[in-house]
Amino acid sequence: ETCAYIRDFARNLSIDFNVKVLAPPDRSAVQWPPDAFALTRSRSVLPARLDPLNAGADLNHLASGSLLAKFASMVSLVCFFAHALALTLRSDAVCSHWMVPSGLVGALICRLLGKPHVVVEHSGALHLLARMRAGKQIVRFIVEGSDRVVTVSSDLERKLIAVCPEARTKVEVIPMGVTVPPRPGDAITIKPPPRTILFIGRLTEIKGLDVLLHAIIDAMLGAAGL
């Protein structure tokens, strides 16, 4: 799996709904065990090593990628669309995680079929679209083709509205969490030692680790009077 919070999201929805998850192909994925939801992966006509829509890959590099990489992305996107269309024909509603590729595909299909669509943006896709030449138009299309847009933070909500003001009437902030049930005897309170800094995230530019490191350096220099 790529994101545990998507797994927990699907499991919690499965309490009240019959959930089927479509994910892009993943070269490192193992066979998914029986679960509360059904998982299927799309397949591209391209060889796996040439498929840029690998589930575990950061797609932000595509904005500056070669024409060949962008063409390969379009081929994979068409294959993903075909799988999504087949599933949506048998579904009552669609919830897409990330605006691209899932949100774009979901918005288009639900417009064609007249079915409800909710898109959840986790950050990476919006950053990619904001840098693309036609990114604002794609964001607007996704927002118009969605009944509700969810962002996982207030900061992301502001960035979405800056790119697409029309999203103001549809967007809602719902932080994405992970369920970790405590074991008997586990201490519930966590008391970290002083001056402990924790960073959790992928080592990619959009996660802002460079900002954190600069802030640490500035704080250390300030404490030393330099």
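Note that the coordinates shown come from a computational prediction; the quantities given were computed from them, not determined experimentally.

(A) Main features of the overall build of the protein. Helix and strand counts for the protein stand at seven helices and six strands. By residue count, 33% of the 226 residues in the protein fall in the buried class. Long-range pairs, those at least 24 residues apart, make up 58% of the contacts in the protein with a sequence separation of at least 6. If you sum the accessible surface of the protein, you get close to 14,500 Å²; carbon and sulfur atoms cover 62% of it.

(B) Up close: the pattern of salt bridges. Taken as a whole and assessed by the stated rule, the structure comprises seven salt bridges. D155 is the partner of R158 in a salt bridge, and the nearest nitrogen-oxygen pair spans 3.6 Å. Linking R158 with D155, this pair stays in helix 6 (residues 154–163), spanning three residues, or about one helical turn. For R158, a relative accessible area of 53% puts it in the exposed group. Note that D155 and K159 form a salt bridge whose closest N and O atoms lie 3.2 Å from each other. Here D155 pairs with K159, and both are found in helix 6, just four residues apart, close to one helical turn. Exposure remark for K159: the relative accessible area of 36% places this residue in the partly exposed category. Put simply, D155, R158 and K159 are held in one network by salt bridges that share partners.

(C) Region of the structure containing helix 6. Residues of helix 6 that are buried: L156, L160, I161 and V163. Buried residues of helix 6 fall within an arc of 160 degrees about the axis and therefore sit on the same side. Those residues of helix 6 that are exposed and aimed more than 90 degrees away from the buried face are R158 and A162. In this structure, the buried residues of helix 6 make contact with helix 3 (99–113), strand 4 (117–121), helix 4 (124–131), helix 5 (135–144), strand 5 (148–151) and strand 6 (171–173).

(D) Representation of a nonpolar patch on the surface in the model. Residues L89, L108, L112 and L113 make up a contiguous nonpolar surface patch of roughly 360 Å² in combined accessible area. Examined against the element boundaries, L89 turns out to sit in the loop between helix 2 (67–88) and strand 3 (94–97). Judged by its relative accessible area of 54%, L89 falls in the exposed class.

(E) The arrangement of the pairing of strand 5 in detail. Note that strand 4 and strand 5 share four bridges and pair parallel. Its bridge partner lying in strand 5, V118 is registered against R148. Judged from the three bridges that link them, strand 5 and strand 6 form a sheet pairing that is parallel. Each bridged residue has a counterpart across the sheet, and for T151 the counterpart in strand 6 is V173. This β-α-β element, strand 5 to helix 6 to strand 6, shows right-handed connectivity.

(F) Region of the structure containing the packing of aromatic side chains. Tallying each qualifying case throughout the model produces one aromatic pair. Here W32 and F37 contribute two aromatic rings whose centre-to-centre distance is 6.1 Å and whose plane-to-plane angle is 35 degrees, an arrangement assigned as tilted. What makes F37 buried here is its relative accessible area of 7%.

(G) Expanded view of the sheet that holds strand 4. In spatial order, the strands read 3-4-5-6; together these four strands make up an open sheet with parallel pairing. The open sheet has two free edges, formed respectively by strand 3 and strand 6, since each of these has just one partner strand. Neighbouring strand axes in the sheet, compared pairwise and without regard to direction, differ in orientation by 20 degrees on average. Sheet strands in contact with helix 3 are strand 3, strand 4 and strand 5, and its direction is about 170 degrees off that of strand 4.

Definitions and limits used
- Residues numbered from 1 in each chain as written.
- Predicted model: local features only at pLDDT ≥ 70, side-chain atom pairs only at ≥ 80, totals over all residues.
- Heavy atoms only, no water.
- Helix = DSSP H or I, 4+ residues; strand = E, 2+ residues; numbered from the N terminus.
- Buried < 20%, exposed > 50% of the residue type's maximum accessible area, 1.4 Å probe, protein only.
- Contact = heavy atoms within 4.5 Å.
- Areas by Shrake-Rupley, 256 points an atom, 1.4 Å probe, with all protein chains shown as cover.
- Salt bridge = Lys/Arg side-chain N within 4 Å of Asp/Glu carboxyl O.
- Arc of directions from axis to C-beta.
- Patch = residues over 30% accessible without salt bridge, like charges linked within 9 Å, V, L, I, M, F, W, Y side chains within 5 Å.
- Pairing = 2+ DSSP bridges.
- Right-handed = clockwise from strand over helix to strand, strands pointing away.
- Phe/Tyr/Trp six-rings, centres within 6.5 Å; stacked < 30°, edge-to-face > 60°.
- Axes fitted to C-alpha atoms, helices over the stretch in contact; angles between N-to-C directions.

Structural measurements only, silent on function.
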